[in-house]
Amino acid sequence: YVLAFDAALHGLGQHVSLVQVAIVYLAGTTLGALVPTPGGVGTTEAALAAGLGTVAGINPGVAFSVAVLFRVLTYWLRIPLGWVAMRRLQRLGEL
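This write-up is about the structure you can find in this document. Being a predicted model, the structure only gives us computed values, none of them experimental.

**Some thoughts on the overall build of the chain**
- The helix and strand inventory of the chain stands at five helices and zero strands.
- Mapped from its N terminus to its C terminus, the chain presents α and β elements in the order α-α-α-α-α.
- For 95 residues, the compact-globule estimate of 2.2 N^0.38 gives 12 Å, and the C-alpha radius of gyration of the chain, at 16 Å, exceeds that figure by more than 25%.
- If you line up the chain on its principal axes, its C-alpha atoms span 50 × 30 × 20 Å.
- Among the 95 residues that make up the chain, the fraction classed as buried is 26%.
- Carbon and sulfur atoms provide 70% of the accessible area of the chain, an area that totals close to 5,800 Å².

**Concerning the pattern of salt bridges**
- As enumerated under the stated definition, the model contains one salt bridge in all.
- Linking glutamate 45 and arginine 71 is a salt bridge whose minimum nitrogen-to-oxygen distance equals 3.1 Å. With glutamate 45 in helix 3 (residues 43-56) and arginine 71 in helix 4 (residues 60-76), this pair connects stretches of sequence that are 26 residues apart. This pair shows no difference in class: glutamate 45 is buried, exactly as arginine 71 is.

**Quick look at the packing of aromatic side chains**
- Scanning all chains against the criterion turns up five aromatic pairs.
- Both rings, one in tyrosine 25 and one in phenylalanine 70, keep their centres 5.8 Å apart while their planes meet at 85°; by these two values the pair is edge-to-face. In this pair, tyrosine 25 sits in helix 2 (residues 18-34) while phenylalanine 70 sits in helix 4, placing the two residues 45 residues apart along the sequence. Neither tyrosine 25 nor phenylalanine 70 differs from the other in exposure class; each is buried.
- Aromatic ring contacts, followed pair by pair, group Tyr1, Phe5, Tyr25 and Phe70 into a single cluster.
- For arginine 71, the ring lying beneath its charged end belongs to tyrosine 75, and the centroid distance is 4.6 Å.

**Quick look at the packing of helix 2 against helix 3**
- Relative to each other, helix 2 and helix 3 sit at 150°, their axes nearing to 8 Å. The way helix 2 lies across helix 3 gives a crossing that is right-handed. Residues Gln20, Val24, Tyr25, Gly28, Thr29, Leu31 and Gly32 of helix 2 lie in contact with helix 3, whose contacting residues are Thr43, Thr44, Ala47, Leu48, Gly51, Leu52 and Val55.

Cut-offs applied
- Residues numbered from 1 in each chain as written.
- Predicted model: local features only at pLDDT ≥ 70, side-chain atom pairs only at ≥ 80, totals over all residues.
- Heavy atoms only, no water.
- Helix = DSSP H or I, 4+ residues; strand = E, 2+ residues; numbered from the N terminus.
- Rg over C-alpha atoms; globule rule 2.2 N^0.38 Å.
- Buried < 20%, exposed > 50% of the residue type's maximum accessible area, 1.4 Å probe, protein only.
- Areas by Shrake-Rupley, 256 points an atom, 1.4 Å probe, with all protein chains shown as cover.
- Salt bridge = Lys/Arg side-chain N within 4 Å of Asp/Glu carboxyl O.
- Phe/Tyr/Trp six-rings, centres within 6.5 Å; stacked < 30°, edge-to-face > 60°.
- Lys NZ or Arg CZ within 6 Å of the ring centre and 35° of its normal.
- Axes fitted to C-alpha atoms, helices over the stretch in contact; angles between N-to-C directions.
- Left-handed = near helix turned anticlockwise from the far one by under 90°.
- Contact = heavy atoms within 4.5 Å.

Listed below in structure tokens is the structure:
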């Protein structure tokens with residue numbers, strides 16, 4: 001996930017050291033896990049964006065875009081893909 005977060009940064013033209021990326025990712029996901037929302041929705045993105053702004057000095061708008069892009073690719077995209085796979089397996093009689 002740290003490498004995926006780093007790839008999201010590079011995808012939006014931001015270059016930060018991997019150590020800073022790891023620190024921001026670990027702190028952001030820890031804060032997101034502490035808040036009692038399903039999957040840390042909202043709080044994880046905010047914590048990741050704030051961490052990028054604080055630790056890496058990235059513009060807050062770009063930092064939020066990076067955090068949302070990362071979460072869409074690693075969290076939200078899996079949900080509809082899993083649903084499609086489940087429906088297919090149900091049709092085939094495997095579930």
